[in-house]
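A structural walkthrough
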Amino acid sequence: MKTTTVLLAIALFACTLLNDQNAAIAQTFWTKDATNPVLRRDTVLANLPHDIYAISDCWVLKEGATYKMWYTGGGLNYPTDTELRSRICYATSSDGVNWTKYAGNPVLDVSYNGAWDSLGVETVSVIIDEDAPAGQRYKMWYAGQYFNEYRYEIGYAYSADGISWTKHGNPVLQVGTANEWDNGFLEGPSVVKDGSTYQMWYCGYDVTVNGSPTDGKASIGYATSTDGINWTKYANNPIMVTGVGNWESVYVQDPHVIKDDLGYYMWYGGGSDDSHYDQQVGYATSFDGINWGKSPLNPVLTRGNPGDWDQLVASFPSVINDGGGYKMWYTGKDVDPLPENSTAYYWEIGYATSSPTGMEEFASNPNEMQIYPNPATETIYITFPPSETGQKHLLIFNSLGALVQTVNTNQAVQINIADLPAGLYFIQMNSDNGSVTNRLVKN
């Protein structure tokens, strides 16, 4: 029997949570499309394809009823090249699954005058800026590669239609000094315009071995701009770093960030093998775009099974919120190392969807008890902050304060709630450090 004091506390907590707008709503469970890959390379040599080696690193927007994709095509034959180059190509779709490549591809080519992006242009971020002049309504940031130095920096281009692009002459975001975390290359930008401020998240690689935690690793940084051209890097970069001894211990890169009224959501590539890409997709949320909390469910999109087209890589995500549900396009491949002078491997674009049911995720504070998914139907997972190392006593109460289930655990736990009636519940954790209560919505 619960005391009046405890019941009153639960009631007050319910009122607080029902009015709390700080919980980040986003998706972490994905279903790959059965028809994958949805955008494939042209492997017919007679076509002189510029995407014979790879279709990768896409960026998708939906305008009206049309999905628009900009992606990296890797080839040797357009025009006559002496080595592999990458170029930006374009495709459209009415359903996100069946795509038509633009006949005039590529839409953004390399420079042929020895300029900073003369070897390759790739990993784009595109926004539609309704406040810009008509001729600059589409804005693109991309990674350009130096022909002689093999390093990437971030460039900018604009367009009236998303097809015919005008480049800004020089890179707009450059690598750091030899002792900085992003001294090797920059790539994979993701840009959001919030009011009059452009925000960019990007990958930087540290090639200098000087005892820094970022040595030999890819991390994610942050920068802001008032015009999309002149950028200021955040003073405390990087804002996201690799894990230790886990699936993302070498790479965190190529973020895709979405912002709404509740906060920021990031999907990113992560990997642990510095000799071969083994990347998968991670997910994180933030209230301010700077302080991020990674999902305890990571990676949220994993590589395929042996024999699948994405058995080695399933990463470099592009995500949109399409009418309440989330849709992701990602890069997959199944052979590594790449065979010399061969097209017998995949590096193409796949598609995945997430349920439109929202989940009350961990936000930017990993030092809290987390319940996910939330709302839930059959099963919930509960994780605990690092400070909670001992035994935890979990009590589940319904909205009337009645105790309906108890669980004792000393680690993250999975709980079956299928038999509970739909409604609002409260999960109280009691430990040596005190008591914490979170809400749960059962569908």
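Residues numbered from 1 in each chain as written. Predicted model: local features only at pLDDT ≥ 70, side-chain atom pairs only at ≥ 80, totals over all residues. Heavy atoms only, no water.

Re the pattern of salt bridges
Where charged atoms of side chains with opposite charge meet at close range, the side chains can pair. Convention followed: Take a side-chain nitrogen of Lys or Arg and a carboxyl oxygen of Asp or Glu: if they are within 4 Å of each other, that pair is a salt bridge. Counting from the N terminus, the helices are the DSSP runs of H or I reaching at least four residues and the strands are the DSSP runs of E reaching at least two. Per-residue accessibility, obtained with a 1.4 Å probe over protein chains only, is compared with the maximum for each type, and a residue is labelled buried under 20%, exposed over 50%, and partly exposed between these values.
Enumeration over the complete set of coordinates arrives at 17 salt bridges. A salt bridge links Asp129 to Lys139, with the shortest nitrogen-to-oxygen separation between them at 2.9 Å. Separated by ten residues along the polypeptide, Asp129 in the loop between β7 (120-128) and β8 (138-145) and Lys139 in strand β8 bring together distant segments of the chain. A single burial state applies to Asp129 and to Lys139, both of which are buried. Ionic pairing is found between Lys193 and Asp129, a salt bridge with its closest N-O pair at 3.0 Å. With Lys193 in strand β11 (residues 185-194) and Asp129 in the loop between β7 and β8, this residue pair connects regions lying 64 residues apart in the sequence. Judged by relative accessible area, Lys193 falls into the partly exposed class, the value being 28%. Linked by salt bridges that have partners in common, Glu63, Lys68, Glu130 and Arg137 make up one network.

Observations concerning the sheet that holds strand β23 (residues 370-372)
Strand pairing in a sheet is mediated by backbone hydrogen bonds. Such pairs are either parallel or antiparallel. Using the following cut-off: Should DSSP find at least two bridges between two strands, the strands are regarded as paired. The axes used here are C-alpha line fits, helices contributing only the stretch in contact, and every angle between their N-to-C directions lies in the interval 0 to 180 degrees.
The three strands are arranged β23-β24-β27 in an open sheet whose pairing can be described as antiparallel. The open sheet has two edge strands, β23 and β27 (413-416), and neither has a second partner. Neighbour to neighbour, the strand axes of the sheet diverge by 25° on average, direction disregarded.

A short note on the confidence of the model for the chain
What counts, and what does not: The predictor attaches a confidence to each residue, called pLDDT, with possible values from 0 through 100. Contacts are residue-level and defined by heavy atoms, with any inter-residue pair within 4.5 Å sufficient.
Residues with a pLDDT of 70 or more make up 86% of the chain, whose mean pLDDT is 85. Within the model, pLDDT remains below 50 along residues 1-27, and this stretch shows 48 contacts once partners closer than five positions in the same chain are excluded. The low-confidence segment residues 356-365 (pLDDT under 50) makes 48 contacts with residues lying over four places distant or belonging to another chain.

Digging into the pairing of strand β19 (residues 313-322)
Of all ten residues in β19, nine are buried; the element is thus mostly enclosed. One ladder, built from eight bridges, connects β19 with strand β20 (residues 325-333); its direction is antiparallel. Paired with Ile320 across the two strands is Lys327, which belongs to β20. The turn joining β19 and β20, which pair antiparallel and follow one another in sequence, is formed by two residues; a positive phi near 70° is taken by Gly323.

Brief notes about the nonpolar core
Just so we agree on the cut-off: Think of a nonpolar core as a cluster: buried Ala, Val, Leu, Ile, Met, Phe, Trp, Tyr and Cys residues, connected wherever their side-chain atoms sit within 4.5 Å.
Formed by 18 residues in total, the largest nonpolar core has its most connected members in Trp70, Val126, Met140 and Trp165. Sorting the residues of this core by element identifies β3 (54-63), β5 (85-93), β7 and β8 as the ones contributing at least two each. By size, the runner-up hydrophobic cluster in this structure holds 17 residues, among which are Ala376, Ile380, Val407 and Met429.

Considerations on the packing of aromatic side chains
Let me state the cut-off plainly: Centres within 6.5 Å make a pair out of two Phe, Tyr or Trp rings, where for Trp the six-membered ring is used; the pair is then stacked when the planes are under 30 degrees apart, edge-to-face when over 60, and tilted otherwise.
Scanning the entire structure with this criterion turns up 24 aromatic pairs. Taking 6.4 Å as the distance between ring centres and 80° as the angle between the ring planes, the aromatic pair formed by Trp30 and Trp267 counts as edge-to-face. Here Trp30, found in strand β2 (residues 30-32), pairs with Trp267, found in strand β16 (residues 263-271); they are 237 residues apart in sequence, far enough to count as distant. In this structure Trp30 comes out as buried when scored by relative accessible area, which is 12%.

A closer look at the sheet that holds strand β29 (residues 434-442)
The strand order across the open sheet formed by four strands is β26-β25-β28-β29, and the pairing between neighbours is antiparallel. If you trace the sheet from one side to the other, it starts and ends with β26 (403-409) and β29, each paired once. Shown here is a sheet whose adjacent strand axes are inclined to one another by a mean of 20°, direction ignored. As defined by bridge partners, strand β28 (residues 423-431) adjoins β29 across nine bridges and the pair is classed as antiparallel.

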